[in-house]
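Notes for the structure review
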Amino acid sequence: MAKIGINIATGSLQKEEIIVGIDLGTTNSLISIIHPDTKQPVALKEHNSSLPTGQAGSLVPSIVHFDSKGNITVGESAKQYLITEPHNTIFSAKRLMGKSYNDIKNNSSFFTYKVIDDDTESLVKVQAGQKFYSPIELSSFILKELKQRAEHILKTPVNKAVVTVPAYFNDTQRQATRDAGKLAGLDVLRIINEPTAASLAYGIGLNKQEHKTIAVYDLGGGTFDISILKISNGIFEVLSTNGDTYLGGDDFDNAIVKFWLQKLSLKEEELKNNKQFAQSIRLKAEEAKKQLSFKEEFVGQLNYSSPLADGGGPEGAGHELKISKSEFEELIRPYIDKTIACCKNAMKDAKLTNADIDVIVMVGGSTRIPMIKKIISDFFGKAVNDTMNPDEVVALGAALQADILAGNNKEFLLLDITPLSLGIETRGGLMDILISRNSKIPTKASRQYTTQVNGQSGIKISVYQGERDMVKDNRKLAAFNLTNIPAMPAGLPKVEISFLINADGILIVKAKELRSGIEQSIEVQPQYGLTDQQVEKMLLESITHAKDDIATRALLEAKTEGEQLLETTEKFIYKNANELLVGELETTAEAMQALQLALTMEDKDLIHSKIEELNNISRPYAERIMDQAVSKAMQGKTIS
Ligand code: ADP
Ligand code: MG
């Protein structure tokens, strides 16, 4: 396929639309692409930005500020208002994605802006000024800002993206992230896990032959995540995740602020009473922390005089702020110990020992702190991967995934198609396929089933993956019950089973009884836990056993059909005894006995001929006493 690359400098047009990778972080967000010339992922930076020198130009603080006129600013300029205008400056919106007030009420003091507590089960909203915003809208403002920056830098429209989320995000949170993209005018082609993206950026998983166990240690601004991943044949499996959603670099900044307040003999109330002071000292603390990753000591000036300060200097005089590396390390030690405890739990859940870890990947700005690298590498007994920029690595991985989606990296296995068929168990243990293998995803399919017993109030739906005719030879993915079906004669309920595989490879199975409207659904991740070899093996087996399978299936189908016919005929006769002639009753009874015998003999052809005989006998009177429901039951498929 011929492609015209884009020239970043001149912005000359490209034929193929660019797909960007986005790290939508709690603290910082950024956007990345595969450089058309070097083919390497790069984070997009505003070269002419007004940022203070030395600050990474690629990061956009995930902060949204609303002014009194309703103007919205995002990023560095919004961060200025964090402490001076807490009600109108929204940070950490990511924590609220897909959450109800109930979910966050224990941490409500964390949010300095107004999180609305109305109907506790519905999704939260945030109030800024006179308006209410959902976390999806807030995230969309950040994504829109990123999109605009990218368009400005690349001089080309940006409409498609891969966006990362924490591995523990549930489907609601993933969907919320997708919706935020849509609102920002971005088609989110794929949502991928942050630790997976970080591993990809380090080149792990790009080689199909590779089998590795990876620990991804991600310490950001306000959250800590440890994820244990297994990679084989280009498929990433999350073995376990752990962490602390309220632990990160912000805690280190606050620890430094407290330390300085003590040195200055100031009380902590000072921060509450004097917002300007609080903002300045906090920003200084973050600056000190960052410098201490490279220097032994930080010395700075805070040009602010406090009215509460003991003795208080002359107006405008500066306070000297000092902290050494060892003092800082002592302050943050308890937090790091906490992360180690999380790592231990993650290893336990993954049922692994530290020696099983092949690679440790460091992610998040806070992992620049040398002491953290040392403690983590001591814990796992291995050097950590820290050669890449820890606050860009997730976005870079997202760009790599985007490139794979764009079809530029053919070597890499894509889960764009279903490797194996997906279906449910029907009567007799048969596999009824709804989505056949090699279907392009996203895809959906549905089919109707019915009950086999009068008044049956529940149906068990078992979901399988594989190519064999009998479910016992396939892989069971999940099972659930559709209950509370109102009492109806057998064959009357209409149960529609639908399968939907979304673009993230998640299978959603829904069962709905159409007459009563009751429904039930379940979510599974079919690709998890299956390697290429296993898929291959399952396919091979389906070919080797194809002959037996066909024979078994044919017999089972015949048996099921015969049994069903016996049941319905019996019911029909019982119900309509008065309408039948004596002769009809006798011949029917004989034909039923003959069919019963054929069933016990397990002779497929005999069963078929006896079915036909019975049908021929009952057809004339059945037509005569036409009963809609029963004739339906005679044709309908049933699930056991
Ligand atoms: P998130 O994933 O939560 O959006 P990031 O990965 O961007 O967060 O990390 C942001 C945090 O990293 C902030 O607390 C920031 O102060 C911290 N940080 C950035 N650079 C350094 C550094 N050199 N030393 C220590 N901490 C740093
Ligand atoms: Mg992050």
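Residues numbered from 1 in each chain as written. Chains lettered and ligands numbered in written order. Predicted model: local features only at pLDDT ≥ 70, side-chain atom pairs only at ≥ 80, totals over all residues. Heavy atoms only, no water.

**Let's talk about the overall build of the chain**
What the chain contains, in helices and strands, is 16 helices and 26 strands. Counting all 640 residues of the chain, 52% fall into the buried class. The contacts in the chain between residues at least 6 apart in sequence include a share of 65% that link residues at least 24 apart. For the chain, the accessible surface area stands at approximately 29,800 Å², while carbon and sulfur atoms represent 50% of it. (Helix = DSSP H or I, 4+ residues; strand = E, 2+ residues; numbered from the N terminus. Buried < 20%, exposed > 50% of the residue type's maximum accessible area, 1.4 Å probe, protein only. Contact = heavy atoms within 4.5 Å. Areas by Shrake-Rupley, 256 points an atom, 1.4 Å probe, with all protein chains shown as cover.)

**Brief notes about the site of ligand 1**
For ligand 1, the set of nearby residues contains 18 residues, the closest of which are Thr 27, Asn 28, Glu 286, Lys 289 and Ser 293. In this structure, an oxygen atom belonging to ligand 1 sits 3.2 Å away from a main-chain N or O atom of Gly 221. Arg 368 places a side-chain nitrogen or oxygen 3.1 Å from a nitrogen atom of ligand 1. Coverage of ligand 1 by the protein amounts to 93% of the 580 Å² it exposes when considered alone. The leading source of residues in the shell around ligand 1 is helix H8 (residues 275-291), at three residues. Along the lines of polarity and charge, the residues of the shell around ligand 1 split into two nonpolar, eleven polar and five charged. Shared between two domains, the shell around ligand 1 takes at least three residues from each, and those domains are domain 1 (19-202 + 390-405) and domain 2 (249-331). (Near = heavy atom within 4 Å. Polar contact = N/O pair within 3.5 Å; in protein donor to acceptor, adjacent residues only side chain to side chain. Nonpolar A, V, L, I, M, F, W, Y, C, P; charged D, E, K, R; others polar. Domains from an automatic or database assignment.)

**Some thoughts on the environment of Arg 368**
Tracing the backbone shows Arg 368 in the loop between strand S18 (359-363) and helix H10 (370-380). Distance from Arg 368 to Lys 290, taken between C-alpha atoms, is 8.2 Å for residues 78 residues apart in sequence. With residues near it in sequence (within four places) discarded, Arg 368 still touches Ser 293, Phe 294, Lys 373, Asn 389, Pro 390 and Asp 391.

**Topic: helix H3 (residues 135-154)**
In this model, H3 (20 residues) spans 28 Å end to end at C-alpha, consistent with the 28 Å of a helix rising 1.5 Å per residue. In terms of burial, H3 is largely enclosed, as 14 of its 20 residues are buried. Among the residues trailing H3, Lys 155 stands out with phi positive, at a value near 55°. (Expected span 1.5 Å × (residues − 1).)

**With respect to the side chain of Arg 427**
Within the secondary structure, Arg 427 is located in the loop between strand S19 (422-426) and strand S20 (430-435). What makes Arg 427 buried here is its relative accessible area of 10%.

**Some thoughts on unusual backbone geometry**
One non-glycine residue, Ser 92, lies in the positive phi region at around 55°. Given the relative accessible area of 6%, Ser 92 is considered buried.

**What about the nonpolar core?**
If you look at the biggest cluster of nonpolar residues, it comprises 47 residues, and the most contacted ones within it are Ile 22, Phe 66, Tyr 113, Val 115, Leu 138 and Leu 143. In terms of residue count, H3 provides more of this core than any other element does, nine residues in total. Among residues more than four places away in sequence, those in contact with Val 115 are Tyr 101, Ile 104, Val 124, Lys 125 and Val 126. Leu 292, Leu 302, Ala 346 and Phe 379 belong to the second-largest nonpolar core, a separate cluster that totals 44 residues. (Core = buried A, V, L, I, M, F, W, Y, C linked by side-chain atoms within 4.5 Å.)

**Regarding the sheet that holds strand S13 (residues 211-219)**
If you walk across this open sheet you meet the four strands as S15-S14-S13-S18, and the pairing is mixed. The strands lining the two open edges of the sheet, one partner per strand, are strand S15 (235-244) and S18. Between one strand and the next, the sheet's axes are offset by a mean angle of 20°, whatever the strand orientation. Its contacts with the sheet put helix H9 (residues 325-349) on S13, strand S14 (224-232) and S15, and the angle it makes with S15 is roughly 140°. With respect to the sheet, H10 is in contact with S13 and S18, its orientation differing from that of S18 by roughly 160°. (Pairing = 2+ DSSP bridges. Axes fitted to C-alpha atoms, helices over the stretch in contact; angles between N-to-C directions.)

**Digging into the packing of aromatic side chains**
The relation between two aromatic rings is expressed through the spacing of the ring centres and the mutual angle of the planes. Taken as a whole and judged by the stated rule, the model has 15 aromatic pairs. Note on Phe 66 and Phe 141: the rings are 6.0 Å apart at their centroids and 75° apart in plane angle, and the pair reads as edge-to-face. With Phe 66 in strand S5 (residues 63-66) and Phe 141 in helix H3, this pair connects stretches of sequence that are 75 residues apart. Take Phe 66: its relative accessible area is 2%, and that puts it in the buried class. In this structure Phe 141 comes out as buried when scored by relative accessible area, which is 15%. Aromatic ring contacts, followed pair by pair, group Phe 91, Phe 110, Phe 111, Tyr 113 and Tyr 246 into a single cluster. For Arg 95, the ring lying beneath its charged end belongs to Tyr 246, and the centroid distance is 4.3 Å. (Phe/Tyr/Trp six-rings, centres within 6.5 Å; stacked < 30°, edge-to-face > 60°. Lys NZ or Arg CZ within 6 Å of the ring centre and 35° of its normal.)

**Things to note about the sheet that holds strand S24 (residues 495-501)**
Pairing within the open sheet is antiparallel, and its four strands lie in the order S21-S24-S25-S26. Edge positions in the sheet fall to strand S21 (443-449) and strand S26 (519-524), since each has one partner strand and no second. Geometrically, the sheet is characterised by an average inter-axis angle of 15° between neighbouring strands, direction not taken into account. Across seven bridges, S24 lies against strand S25 (residues 507-513) in antiparallel orientation. Bridge pairing in S25 links Glu 496 to Lys 512.

**Digging into the pattern of salt bridges**
Enumeration over the complete set of coordinates arrives at 27 salt bridges. Note that Lys 338 and Asp 244 form a salt bridge whose closest N and O atoms lie 3.8 Å from each other. In this pair, Lys 338 sits in helix H9 while Asp 244 sits in strand S15, placing the two residues 94 residues apart along the sequence. By relative accessible area, Asp 244 is classed as buried at 18%. Between Lys 472 and Asp 473 there is a salt bridge, with the nearest N and O atoms lying 3.6 Å from each other. If you follow the salt bridges from partner to partner, you end up with Lys 79, Glu 286 and Lys 290 in one network. (Salt bridge = Lys/Arg side-chain N within 4 Å of Asp/Glu carboxyl O.)

**As for the packing of helix H6 (residues 249-263) against H9**
Running from N to C, H6 and H9 cross one another at 135°; their axes reach a closest spacing of 10 Å. When the axis of H6 is compared with that of H9, the two are oblique. Taken as a pair, H6 and H9 cross one another with a handedness that is right-handed. In this structure, H6 contributes Asp 251, Phe 252, Ala 255, Ile 256 and Phe 259 to the contact, and H9 contributes Glu 327, Phe 328, Leu 331, Ile 332, Tyr 335 and Ile 336. Class assignment of the residues belonging to the contact of H6 with H9 gives a composition of nine nonpolar, no polar and two charged. (Parallel < 35°, antiparallel > 145°, perpendicular 65-115°, else oblique. Left-handed = near helix turned anticlockwise from the far one by under 90°.)

**Structural notes on the pairing of S24**
As a general feature of sheets, a regular strand has side chains that alternate between the two faces. With five of seven residues buried, S24 is to be regarded as a mostly interior element. Here S21 pairs with S24 via seven bridges, running antiparallel. Bridge pairing in S24 links Ser 446 to Ser 498.

**A short note on helix H14 (residues 582-601)**
In a regular helix each residue adds 1.5 Å, so 20 residues correspond to 28 Å; H14 covers 29 Å between its end C-alpha atoms and thus fits that length. One or two residues past the end of H14 sits Glu 602, with phi positive at roughly 55°.

**Section: the side chain of Ser 366**
By the element assignment, Ser 366 lies in the loop between S18 and H10. Excluding anything up to four places from it in sequence, Ser 366 contacts Leu 219, Gly 220, Gly 249, Phe 252 and Ile 372.

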